[in-house]
Amino acid sequence: MKRKDFGRLIDTVFAAKAGEEMSCSEYFDRLACYAELETSGEDASARLPEVRHHMHQCPECEEVYRGLLEVLASEEKSAPSK
Amino acid sequence: MAEGEPPTTTRSNSEWLSALRAGGRVQEEAFAELRLLMLRAIKGFLARKTPAAQVADGALPQIAEDCAQESVLLVQANLDGFRGDSQFTTWAYAIAIRVALGELRRRRWRKAALDEALLGQVLPSWPIDDPGPERSLAQRQAWALLGGLIETSLTPLQHKALIAHAFQGMPLDLVAEWLGTNRNSLYKLIHDARKRLKAALLSHGVSHRDLIAIFEALPPERPYLEEGKKRPPRDVS
């Protein structure tokens, strides 16, 4: 395990909420909306804090978000100029 | 549109949904267009994400094709789950990236070839791989405490799942398959394991700040935790 991943593991232990957390499926249901809020300059983490929390707790789910942002940026670049 | 040329979609969400449910030629054309969009996204993503050495020469195009096909099937199966709170294509791209990353993780895991008998069983004697400064006494003591709590405060299933995923690097979907469960249940299992570990650490007087300071494991940026400081989480107990 890399040092940064070990640090992340410790972070996730202490960030665990007492009750239930959003599941991976619920996260994916909201991910596209979250990504669009983020790319439009809105404070996505304030609008959808449970999505942000899940992203912190689940590095694999966060990786999908990072990849989605890359795709959206790439699509934006290749879109015909208006 | 020329054959194989990536489309530039102008469909609205309702036009996408209507066409994808239409049946017949309209539906076939809509799925073909969607497949091309997702294929383009996956190809670009894999090209950026995958160092050439990680995948055999020439394998990426086939991986992209397979992932695009699987993504189309997932879109088809989950069409009713689209909430309409984003562009339809953004939702579809999220599925495509999830599928592509899942495939990369499966491939990486297969290459790692861990002895199955050790899976989910044994904590490493030291958790951090990268070479760093010599381990201090405080670090060794902290790891002995943390490792001991992982051994004693978790249920057998939590113990297996946490070790396999966090310490042995097994992807979540594969851990779920291995344990005969699903991704959501596994996430809950790991969440419960974290809660137990947190409670055990706090009962030993060890805080988050203590552990991070001991391991000097602070990554350069911790935006989520910084947000937490500015705006305390609603529930941190």
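Counting restarts for each chain, with residues numbered from 1 along the sequence as it is written. Here the convention is simple: chains get letters from A, ligands get numbers from 1, in the order in which they are written. For a predicted model such as this one, the threshold for reporting local features is a pLDDT of at least 70, and the threshold for listing and counting side-chain atom pairs is 80 or more; totals across whole chains, interfaces and linings nevertheless cover every residue.

**Q** Can you lay out the overall build of chain A for me, pointing to particular residues and giving the numbers?
**A** A run of H or I in DSSP becomes a helix once it reaches four residues, and a run of E becomes a strand once it reaches two; helices and strands are each numbered from the N terminus. Looking only at helices and strands, one finds five helices and zero strands in chain A. The helix and strand sequence of chain A, counted from the amino end, reads α-α-α-α-α. Each principal axis of the C-alpha atoms in chain A carries an extent, and together these give about 50 × 30 × 20 Å. Going through the 82 residues of chain A one by one, you find that 48% of them count as buried. Residues are scored as being in contact if the C-beta atoms we place from backbone atoms lie within 7 Å. Within chain A, residue pairs in contact and separated by at least 24 positions form 63% of the contacts whose partners lie at least 6 positions apart. Residue burial is a threshold on neighbouring C-beta atoms within 10 Å of the residue's own C-beta, all placed from the backbone, with 20 or more meaning buried, 12 or fewer meaning exposed, and counts in between meaning partly exposed.

**Q** Which residues make up the overall build of chain B, and what values do they have?
**A** Counting secondary structure elements, chain B contains ten helices and zero strands. Along chain B, from the amino end to the carboxyl end, the secondary structure elements read α-α-α-α-α-α-α-α-α-α. Burial analysis of chain B (237 residues in total) assigns 29% to the buried set. Look at the contacts in chain B between residues 6 or more apart in sequence, and 71% of them connect residues 24 or more apart.

**Q** Residues and numbers for the domain arrangement of chain B, please.
**A** Residues and elements named next belong to chain B. The split into domains, and so the bounds of each, comes from an automatic or database assignment of domains. Assigned domains within chain B: domain 1 (13-112) and domain 2 (137-219). Distance between the C-alpha centres of domain 1 and domain 2: 33 Å. Contact residues are listed per partner, giving five residues for domain 1 and five residues for domain 2. Residue classes follow a fixed rule: Ala, Val, Leu, Ile, Met, Phe, Trp, Tyr, Cys and Pro count as nonpolar, while Asp, Glu, Lys and Arg count as charged, and any other residue, Gly among them, counts as polar. Looking at the side of domain 1 that touches domain 2 residue by residue, the class counts come to two nonpolar, one polar and two charged.

**Q** Explain the environment of Glu15 of chain B to me, using residue names and the numbers behind them.
**A** All names here are of chain B. Structurally, the position occupied by Glu15 is in helix H1 (residues 13-20). Residue Glu15 is classed as partly exposed on the basis of its 13 C-beta neighbours within 10 Å. Residues Glu15 and Phe88, 73 residues apart in the sequence, show an inter-C-alpha distance of 9.8 Å.

**Q** Mind laying out the interface of chain A and chain B, listing which residues take part and the relevant values?
**A** Bring the parts together and some accessible area is lost; that lost area is often taken as the interface size. The partner chain B presents 46 residues to the 41 residues of chain A that form the contact. Elements supplying a minimum of two residues to the side of chain A that touches chain B: helix H1 (3-15), helix H2 (24-39), helix H4 (49-57) and helix H5 (59-78) of chain A. Across the side of chain A that touches chain B, the residue classes break down as 20 nonpolar, nine polar and twelve charged.

**Q** Give me the lowdown on the nonpolar core, citing residues and values where you can.
**A** Core membership is restricted to buried Ala, Val, Leu, Ile, Met, Phe, Trp, Tyr and Cys residues, and these are joined into a nonpolar core through C-beta atoms within 7 Å. In this structure, Leu31 of chain A together with Met38, Ile42 and Ala96 of chain B are the most contacted members of the largest nonpolar core, which totals 79 residues. Of the residues forming this core, the biggest block, twelve residues, is contributed by helix H4 (residues 88-112) of chain B. Excluding anything up to four places from it in sequence, Met38 of chain B contacts Ala68, Ser71, Val72, Ala92, Tyr93 and Ala96 of chain B.

**Q** Residues and numbers for helix H5 (residues 137-153) of chain B, please.
**A** Residue and element names in this part refer to chain B. In this model H5 runs 24 Å from its N-terminal to its C-terminal C-alpha over 17 residues, within 8% of the 24 Å that 1.5 Å per residue would give. Three or more residues of H5 are buried, namely Gln139, Ala142, Trp143, Leu146, Leu149 and Ile150. Each buried residue of H5 sits inside an arc of 130° when the element is viewed along its axis, so together they form one side. Opposite the packed face of H5, turned more than 90 degrees from it, sit the exposed residues Leu137, Arg140, Gln141, Ala144, Glu151 and Thr152. Buried residues in H5 make contact with helix H6 (156-167), helix H8 (183-203) and helix H9 (208-215). One fewer than the residue count of a helix, multiplied by 1.5 Å, yields its expected span. Arc, as used here, means the arc of the directions from the helix axis to the C-beta atoms.

**Q** Kindly report on the confidence of the model for chain B, identifying the contributing residues and their values.
**A** Residues and elements named next belong to chain B. With 82% of its residues at a pLDDT of at least 70, chain B reaches an overall mean of 86. One number per residue, pLDDT, summarises how confident the predictor is, and it ranges from 0 to 100. Across residues 230-237, where pLDDT falls below 50, the model places five contacts with residues more than four positions away in sequence or in other chains. Reported confidences for the modelled complex are a pTM of 0.88 and an ipTM of 0.94.

**Q** Could you give an account of the environment of Cys33 of chain A, naming the residues involved and the relevant values?
**A** Its location among the elements puts Cys33 of chain A in helix H2. C-alpha separation for the pair Cys33 of chain A and Ala44 of chain A, spaced eleven residues apart in sequence, amounts to 8.7 Å. Setting aside residues no more than four positions away along its own chain, Cys33 of chain A makes contact with Asp85 and Ser86 of chain B.

**Q** Outline the packing of H2 of chain A against H4 of chain B, listing residues and values.
**A** Angles here are taken between N-to-C directions and fall from 0 to 180 degrees, while the axes themselves are lines fitted to C-alpha atoms, restricted in helices to the stretch in contact. Contact geometry for H2 of chain A and H4 of chain B: axes closest at 9 Å, N-to-C directions at 115°. In terms of crossing hand, the pair formed by H2 of chain A and H4 of chain B is right-handed. Counting all contacts with H2 of chain A, which are made through Phe28, Leu31, Ala32, Ala35 and Glu36 of chain A, the residues of H4 of chain B involved are Thr90, Trp91, Ala94 and Arg98 of chain B. Of the residues that constitute the contact of H2 of chain A with H4 of chain B, the class distribution is six nonpolar, one polar and two charged. Each crossing gets its hand from how the near helix is turned against the far one by less than a right angle, where anticlockwise is left-handed and clockwise is right-handed.

**Q** Go over the packing of H1 of chain A against H8 of chain B, please, and point to the residues and values.
**A** Relative to each other, H1 of chain A and H8 of chain B sit at 85°, their axes nearing to 7 Å. Our classification of the angle between H1 of chain A and H8 of chain B gives roughly perpendicular. Residues Thr12, Val13 and Phe14 of chain A of H1 of chain A pack against Arg194, Leu197 and Lys198 of chain B of H8 of chain B. Split into classes, the residues belonging to the contact of H1 of chain A with H8 of chain B amount to three nonpolar, one polar and two charged. If an angle is under 35 degrees, it is roughly parallel; if it is over 145, roughly antiparallel; if it lies from 65 to 115, roughly perpendicular; otherwise it is oblique.

**Q** Account for the environment of Leu114 of chain B, with residues named and values stated.
**A** Residue and element names in this part refer to chain B. For Leu114, the location among the structural elements is in the loop between H4 and H5. For Leu114, a count of 13 C-beta atoms within 10 Å corresponds to the partly exposed category. Separated by 55 residues in sequence, Leu114 and Gly169 place their C-alpha atoms 9.8 Å apart.

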